[in-house]
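If you want the building blocks of each chain, they are given just below.
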Amino acid sequence: MSNSDFGLIGLAVMGQNLVLNVESRGFQVSVYNRTASVTDEFTAKHPDKKIVGEHTLEGFVKSLASPRKVMIMVKAGGPVDAVIESLIPLLDKGDIIIDGGNSLYTDTERRDKWLGDLGFRFIGAGVSGGEEGARKGPSIMPGGPASTWEVMKPIFESIAAVAEGEPCVFHIGPGGAGHYVKMIHNGIEYGDMQLICEAYNIFKAAGFTPEELAEVFTEWNEGDLESYLIQITSKIFAQKDPETGKPLVDLILDTAGQKGTGKWTLINAVENAVVISTINAAVEARILSSMKDKRVEASKVLEGPKAEIDIKKKKLVKKVHDALFASKIISYAQGLDLIAAMGKEKDWGLDLGKIAAIWRGGCIIRARFLNDITDAYRTNPQLENLMLAPFFTDLLNEFQENWREVISLATLAGIPVPAFSASLGYYDSYRSAVLPANLLQAQRDFFGAHTYERTDKPRGEFSHTDWPEVIG
Ligand SMILES: NC(=O)C1=CN([C@@H]2O[C@H](COP(=O)(O)OP(=O)(O)OC[C@H]3O[C@@H](n4cnc5c(N)ncnc54)[C@H](OP(=O)(O)O)[C@@H]3O)[C@@H](O)[C@H]2O)C=CC1
Ligand SMILES: O=C(CO)[C@H](O)[C@H](O)COP(=O)(O)O
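To keep things clear, this report deals only with the structure shown in the data block.

The rules behind the values
- Residues numbered from 1 in each chain as written.
- Chains lettered and ligands numbered in written order.
- Predicted model: local features only at pLDDT ≥ 70, side-chain atom pairs only at ≥ 80, totals over all residues.
- Heavy atoms only, no water.
- Pairing = 2+ DSSP bridges.
- Helix = DSSP H or I, 4+ residues; strand = E, 2+ residues; numbered from the N terminus.
- Axes fitted to C-alpha atoms, helices over the stretch in contact; angles between N-to-C directions.
- Contact = heavy atoms within 4.5 Å.
- Buried < 20%, exposed > 50% of the residue type's maximum accessible area, 1.4 Å probe, protein only.
- Near = heavy atom within 4 Å.
- Polar contact = N/O pair within 3.5 Å; in protein donor to acceptor, adjacent residues only side chain to side chain.
- Nonpolar A, V, L, I, M, F, W, Y, C, P; charged D, E, K, R; others polar.
- Areas by Shrake-Rupley, 256 points an atom, 1.4 Å probe, with all protein chains shown as cover.
- Right-handed = clockwise from strand over helix to strand, strands pointing away.

**Some words on the sheet that holds strand S2 (residues 29-32)**
Thought 1: Taken in spatial order, the seven strands line up as S3-S2-S1-S4-S5-S6-S7 in an open sheet, and their pairing is mixed. Looking at the sheet topology across the chains shown, the edges are occupied by strand S3 (51-54) and strand S7 (139-143). Mean inter-strand twist for the sheet, computed between neighbouring axes without regard to direction, equals 25°.
Thought 2: Two strands pair when backbone bridges link them, and strand S4 (residues 69-72) and strand S5 (residues 96-99) are joined in this way by four bridges, in the parallel orientation. Looking at S5, one finds that lysine 69 is bridged to isoleucine 96.
Thought 3: Contacting S5 and strand S6 (121-128), helix H5 (residues 105-117) runs over the sheet at an angle of about 155° to S6.

Here's what the structure looks like:
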């Protein structure tokens, strides 16, 4: 048998499906998994495919054509380093290692330097699309040297999703840029998911059944909210539990898991002094959801109104649609703002139009409105904030009344809407020519002589006041 064009290590959900995808494009693929039985089961399931299963890393490396292209799809963190360390003695200079997992971008930068110094080539590529995307065409966000990308381009372009005739992959930038953009993609994913959950909670309080919600989300998916997450949500509401015949969603415990990309996004936002309040609220909502026992105890003593919303269902659907869409625009505005800030800070030369374009297909956040985001940045690559692109300004102006009403209705009924509220708070703050920070500056000057600028003096000229003494 000839040597394989591509090798993949880590045959869990993502790895297996990526292998099948690569193989289906005409490449021969060698595979290796730490637990050998997984390799055997996988190759036995696909006897007619050009897939070579290996039980040892030595055999795996030997089975690859030069320069070797080895993709690692294992758990992020220590396992990636462990696999790289085992590969180093077996590879030749010039061979290419691709980490396709959800690695923290700073780890990718460390690995980029480590492997580069040893003469290997390294690509840190975010891959999005879950099981189905990996199999049929994910969105891929590769970072690393442009020359290494050129070698990988034919394979990556052939396996990626296609949106509007364009492959959902391009060279994002050097070093950790690809994994960084994937991290923000996931932060935005958290925001999208939480906003949908808040809409669901409001609908529940208005008496919608899961069957009715399946219809609402199906209808939404045929309009301007069309997206993968809205689509799967409609399917979730329609799903019955085979054991009980009840809607499955009603039987799932309300405690959310998270693997870290949302938290990393928040840390990075704080480091860059960029507001991502919608994503922040989404991460915190997952944390609060996981405190199930504490919430159950608190629900017995802390009072609030009955969670009931009394409004005609059809009217509510339109209002919640507007609140959801407006909040979603804010979430993307914030995520893209963070990418722009970090891109500048790191001098990565990031292209927001191209990034939005590769999120239009394959990935979890794929959505019809990413076409409009792509257009907005292609029209004006220097766009200050997505909210200020005329298309989105018009939508926000149209939606803002219903958005406020939904948040008021929810708040008066004691229904938590942290991501809706955080989004509106950002919108209202951003559009306020005057904020109450004058008082804040006075407070800072009062207790710490931090000085302040005055409205009647030029910017950059700082004043201080001898405030009255307050301590005894
Ligand atoms: N699942 C998803 O929807 C998505 C996942 N990702 C990312 O892709 C990567 C793979 O994800 P997924 O397919 O879900 O698999 P998991 O993250 O569950 O990882 C399981 C794989 O990692 C291997 N592994 C774990 N520890 C080690 C180690 N110390 N040495 C060698 N191999 C090890 C396992 O081997 P063994 O069988 O021997 O245990 C198995 O092949 C992760 O980084 C994930 O975050 C990205 C996008 C979507
Ligand atoms: O990267 C992904 C999707 O894009 C993975 O599914 C990831 O695990 C999602 O994050 P979390 O597990 O924290 O919800």
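Back to the text.
**Side note on the pairing of S7**
Thought 1: With five of five residues buried, S7 is to be regarded as a mostly interior element.
Thought 2: On S7, burial covers both faces: Ser139, Met141 and Gly143 on one face and Ile140 and Pro142 on the other are all buried.
Thought 3: Relative to S7, S6 runs antiparallel, the two sharing five bridges. Of the residues in S7, the one forming a bridge with glycine 126 is methionine 141.

**Examining the site of ligand 1**
Thought 1: Every one of the 19 residues lining ligand 1 counts as a neighbour, but Met14, Asn33, Arg34, Thr35 and Asn102 are closest to it.
Thought 2: Backbone polar atom of leucine 11 to an oxygen atom of ligand 1: 3.4 Å apart, as the coordinates give it.
Thought 3: For the shell around ligand 1, the secondary-structure elements that each account for two or more residues are helix H1 (13-24) and helix H4 (78-87).
Thought 4: Per-class residue counts for the shell around ligand 1 are 10 nonpolar, six polar and three charged.

**A few points about the site of ligand 2**
Thought 1: Close to ligand 2 lie Asn102, Ser128, Lys182, His185, Asn186, Glu189, Tyr190, Gln258, Lys259, Arg286 and Ile364.
Thought 2: The side chain of glutamate 189 places a nitrogen or oxygen atom 2.7 Å from an oxygen atom of ligand 2.
Thought 3: Summarising the interface, the protein chains cover 75% of the accessible area of ligand 2, which totals 360 Å² for the free molecule.
Thought 4: Per-element tally for the shell around ligand 2: the top contributor is helix H8 (residues 177-205), with five residues.

**Side note on the environment of asparagine 21**
Thought 1: Its place among the elements puts asparagine 21 in helix H1.
Thought 2: The exposure class of asparagine 21 is buried, given its relative accessible area of 0%.
Thought 3: Residues contacting asparagine 21, with those up to four places away along its chain left out, are Gly133, Ala134, Arg135, Lys136, Gly137, Pro138 and Ile159.

**Topic: the environment of glycine 101**
Thought 1: Mapped onto the fold, glycine 101 is located in the loop between S5 and H5.
Thought 2: The exposure class of glycine 101 is buried, given its relative accessible area of 7%.
Thought 3: As a C-alpha pair, glycine 101 and lysine 182 span 81 residues in sequence and 9.8 Å in three-dimensional space.
Thought 4: Discounting chain neighbours no more than four positions away, the residues touching glycine 101 are Ile72, Met73, Ala125 and His179.

**Considering the side chain of serine 4**
Thought 1: Take serine 4: it is sitting in the segment before strand S1 (6-9).
Thought 2: For serine 4, a relative accessible area of 0% corresponds to the buried category.
Thought 3: Only 3.0 Å separates the side chain of serine 4 from the side chain of glutamine 28, close enough to count as a polar contact.

**Overview of unusual backbone geometry**
Thought 1: Put simply, serine 66 and proline 67 share a cis peptide bond, and its omega is -10°.
Thought 2: Among the structural elements, proline 67 can be located in the loop between helix H3 (57-62) and S4.
Thought 3: Despite not being glycine, glutamate 164 has its phi angle at roughly 50°, a positive value.
Thought 4: Relative to the helices and strands, glutamate 164 resides in the loop between strand S8 (162-163) and strand S9 (166-167).
Thought 5: Located in the positive-phi region is alanine 449, a residue other than glycine, with phi close to 50°.
Thought 6: Within the secondary structure, alanine 449 is located in the loop between helix H19 (437-448) and strand S10 (452-453).
Thought 7: A relative accessible area of 45% places alanine 449 in the partly exposed class.

**Quick look at the pairing of S5**
Thought 1: Alternating positions in S5 separate into two faces, Ile96 and Ile98 on one and Ile97 and Asp99 on the other, with burial throughout.
Thought 2: At this point the chain moves from S4, through H4, to the parallel S5, and the crossover so formed is right-handed.
Thought 3: Relative to S6, S5 runs parallel, the two sharing four bridges. Following the sheet pairing, aspartate 99 is matched in S6 by glycine 124.
Thought 4: The β-α-β motif built from S5, the intervening H5 and the parallel element S6 has right-handed crossover chirality.

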